[in-house]
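Architecture at a glance
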Amino acid sequence: GLELSHYVGASSLGPAVPWRSGGPCKMKRVRTVFKPEQLERLEQEFLKQQYMVGTERVDLAATLHLTETQVKVWFQNRRIKWRKQSMEQKAAKLSQFGVIQPATADSTDIKDHEEDTVDVEL
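The residue count restarts for each chain, going from 1 along the sequence in the order it is written. For this predicted model, a pLDDT threshold of at least 70 governs which residues receive local features, and a threshold of 80 or more governs which side-chain atom pairs are given and counted, while totals over whole chains, interfaces and linings are taken from all residues. The side-chain figures draw on all heavy atoms in the structure; neither hydrogens nor water molecules are used.

By definition, any uninterrupted DSSP run of H or I lasting at least four residues is a helix, any uninterrupted run of E lasting at least two residues is a strand, and each is numbered from the N terminus. Summing up its helical and strand segments, the protein chain has six helices and two strands in all. Sequence-ordered secondary structure for the protein chain, helices as α and strands as β, is α-α-β-β-α-α-α-α. Expressed as a percentage of its 122 residues, the buried residues of the protein chain come to 17%. Partitioning the intrachain contacts of the protein chain with sequence separation of at least 6 by distance along the chain shows that 57% fall at a separation of at least 24. Residue burial considers only the protein chains on display, and all accessible areas are found by Shrake-Rupley using a 1.4 Å probe. As displayed, the protein chain offers around 9400 Å² of accessible surface, 57% of which is attributable to carbon and sulfur atoms. For the exposure calls, accessible area comes from a 1.4 Å probe over protein chains only, and a residue counts as buried if that area is under 20% of its type's maximum, exposed if over 50%, partly exposed in between. Whether two residues are in contact is decided by their heavy atoms, any of which lying within 4.5 Å being enough.

The structure is reproduced here in structure tokens:
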């Protein structure tokens, strides 16, 4: 037969993945806890631009003593939060004017973006 590792790439993961094994299917990652100074700087950068790429992300990560992946994931998650807040503000404005939005529209939009939410630390 064929080995499963050839299909799932188990050997390519290597030891650097920060997962703790609690059993065959129970995997738990280590959650990044940001310092207040790091969060303040990340928020400042987000106000300037919602997308941080390339050397800017590398430089910011180095300045904040974070990995590039941590910065990338923080920006991804922050964009999701920003979109959700924008939708809530729009809904609040519409309700002031007596316009009722269907409940399915909000939940559908949020579901579409949930797959973008990633919180992984390497």
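Don't stop here, the text continues.
On to the pattern of salt bridges, then. A side-chain nitrogen of Lys or Arg and a carboxyl oxygen of Asp or Glu constitute a salt bridge if their distance falls within 4 Å. Using the criterion set out here, one finds four salt bridges in the structure. Across the pair Arg 78 and Glu 43 runs a salt bridge whose closest N-O atoms are separated by 3.0 Å. Taken together, the residues span a long stretch of sequence, with Arg 78 in helix H5 (residues 68-96) and Glu 43 in helix H3 (residues 36-48) at a distance of 35 residues. Judged by relative accessible area, which is 13%, Arg 78 ranks as buried. One continuous salt-bridge network, built from bridges that share partners, spans Arg 41, Glu 45 and Lys 48.

Buried together is how nonpolar side chains tend to be arranged in soluble globular proteins. As used here, the term nonpolar core means buried Ala, Val, Leu, Ile, Met, Phe, Trp, Tyr and Cys residues forming a set that is joined through side-chain atoms within 4.5 Å. Leu 42, Phe 46, Met 52, Leu 60, Ala 61, Leu 64, Leu 66, Val 71, Trp 74 and Phe 75 form the largest nonpolar core, which has 10 residues in total. Beyond its immediate sequence surroundings of up to four residues, Leu 60 is in contact with Arg 41, Leu 42, Glu 45, Met 52, Val 71 and Phe 75.

Once that is clear, we can look at the side chain of Thr 32. Along the chain, Thr 32 falls in the loop between strand S2 (27-29) and H3. A residue is classified by how much of its surface remains accessible, and Thr 32, at 16% relative accessible area, is buried. A polar contact is formed between the side chain of Thr 32 and the side chain of Gln 70, at a distance of 3.3 Å. In the analysis that follows, any N or O atom pair within 3.5 Å is treated as a polar contact, provided that within protein one partner can donate a hydrogen and the other can accept it, and provided that, for residues neighboring in sequence, both atoms belong to side chains.

Attention now moves to the confidence of the model for the protein chain. For the protein chain, the mean per-residue pLDDT works out to 76, and 61% of the residues sit at or above 70. On a scale of 0 to 100, pLDDT captures the predictor's confidence in every residue. Taken element by element, the protein chain is modelled with least confidence in helix H2 (residues 10-13), mean pLDDT 38, and with most confidence in H3, mean pLDDT 97. Overall, residues 2-15 carries pLDDT values under 50, and its contacts beyond four positions in sequence, including any with other chains, amount to two contacts. Segment residues 105-115 is flagged for pLDDT under 50; beyond a separation of four residues in sequence, or across chains, it makes seven contacts in the model.

What follows covers H3. Within an α-helix, residues lying three or four positions from one another point in the same direction, as the helix has 3.6 residues per turn. Between the first and last C-alpha of H3 there are 19 Å, a value that for 13 residues agrees with the 18 Å anticipated at 1.5 Å per step. Listed in full, the buried residues belonging to H3 are Gln 38, Leu 42, Glu 45 and Phe 46. When H3 is viewed along its axis, its buried side chains cluster within an angular range of 105° and face the same direction. Away from its buried face, by an angle of more than 90 degrees, H3 presents the exposed residues Pro 36, Glu 37, Glu 40, Leu 47 and Lys 48. What a helix is expected to span follows from its residue count: subtract one and scale by 1.5 Å. Arc definition: directions from the helix axis to the C-beta atoms.

The subject of this paragraph is the environment of Phe 75. Note that Phe 75 resides in helix H5. Looking at Phe 75, the relative accessible area reads 1%, which means it is buried. Setting aside its immediate chain neighbours within four residues, Phe 75 contacts Leu 42, Glu 45, Phe 46, Gln 49, Gln 50, Met 52 and Leu 60.

Moving on: unusual backbone geometry. Phi at His 65 is positive, roughly 60°, even though this residue is not glycine. When you line up the elements, His 65 lands in the loop between helix H4 (54-64) and H5.

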